[in-house]
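# Fold and geometry: a report
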Amino acid sequence: MILGRTKNRTDNVMKNSTQKSIRNLSIAILVLGGLTLVYTYVQMISQLWLNNFIVPLTWNPEIKGWQIFILAARFIGITLLFALCCVFLHRTNKGLKDGVLFPKSNISLIRWTALVAALLAFVHSNYDAVVKGESALMLDSNFFLIPLLVLLFAGLYKMAYLAAKDSRLAI
């Protein structure tokens, strides 16, 4: 009987320390992501409205729609990526409190993140040309590589979810 209590107490201590570690890591990720988000906003605002930025935005009347699309996509994409990250971390921490290691709802969230990552990779490859007012459409390898890596992690996460579900059923 005493051995059972000791084992439960050890499991609770390990569970609580793991939850604390993941919560602290989540906070650090959110702080760094928030700082990156603010930096991107400040950079874009400086380029759009302050002429003393290193590379100010040069409007080209021939491609003004393209420039607006890339600027808006960067703003929306980086905001959406941060929001998806917040939702993912919230669901993960909530799941840990409920005893669920890998919440199923995170699988589709990671897949949506792959789509946003593709958009941001496309925007990143065209952003410098748009800022300089050049008419160029570019795709680099990151447009394909980053979303594929995120989809790979979605598949791995799904396998981990299924393995955790199997182990719960086996017990």
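Residues numbered from 1 in each chain as written. Predicted model: local features only at pLDDT ≥ 70, side-chain atom pairs only at ≥ 80, totals over all residues. Heavy atoms only, no water.

## Considerations on the overall build of the protein chain
- When helices and strands are tallied, the protein chain shows four helices and zero strands.
- Going from the N terminus to the C terminus, the protein chain shows its helices and strands as α-α-α-α.
- The proportion of buried residues among the 171 residues of the protein chain is 30%.
- Here the contacts in the protein chain between residues at least 6 apart in sequence split such that 71% fall between residues at least 24 apart.
- Just so you have it, the protein chain exposes about 11,600 Å², and 70% of that area is on carbon and sulfur atoms. (Helix = DSSP H or I, 4+ residues; strand = E, 2+ residues; numbered from the N terminus. Buried < 20%, exposed > 50% of the residue type's maximum accessible area, 1.4 Å probe, protein only. Contact = heavy atoms within 4.5 Å. Areas by Shrake-Rupley, 256 points an atom, 1.4 Å probe, with all protein chains shown as cover.)

## As for a positive patch on the surface
- The grouping of Lys104, Arg111, Lys158, Lys165 and Arg168 at the surface amounts to a positive patch.
- At three residues, the largest contribution of residues to the positive patch is made by helix H4 (residues 142-170).
- Within the secondary structure, Arg168 sits in helix H4.
- Relative accessible area serves as the criterion here: at 43%, Arg168 is assigned to the partly exposed category. (Patch = residues over 30% accessible without salt bridge, like charges linked within 9 Å, V, L, I, M, F, W, Y side chains within 5 Å. Salt bridge = Lys/Arg side-chain N within 4 Å of Asp/Glu carboxyl O. Lys, Arg positive; Asp, Glu negative; His and termini not counted. Charge placed at Lys NZ, Arg CZ, Asp CG, Glu CD.)

## So, the layout of surface pockets
- Empty space within the largest pocket amounts to approximately 480 Å³.
- Among the secondary structure elements, those contributing two or more residues to the lining of the largest pocket are helix H1 (2-49), helix H2 (64-98) and helix H3 (105-132).
- With 10 residues, the single largest contributor to the lining of the largest pocket is H3.
- Each residue belonging to the lining of the largest pocket can be placed in one class, and the counts come to 10 nonpolar, five polar and three charged. (1 Å grid on protein atoms, 1.4 Å probe; cavity = no way out; pocket = protein on both sides within 12 Å on 5 of 7 lines; lining within 4 Å. Points joined across faces, edges and corners; volume = space filled by probe spheres on them. Nonpolar A, V, L, I, M, F, W, Y, C, P; charged D, E, K, R; others polar.)

## Re H3
- The end-to-end C-alpha separation of H3 is 41 Å, in line with the 40 Å expected for 28 residues at 1.5 Å each.
- Of all the bends in H3, the greatest measures close to 45° and is centred on Asn126.
- Where H3 terminates, the next one or two residues include Gly133, which has phi positive at roughly 80°. (Expected span 1.5 Å × (residues − 1). Bend = angle between axes of the 7 residues up to and from the residue.)

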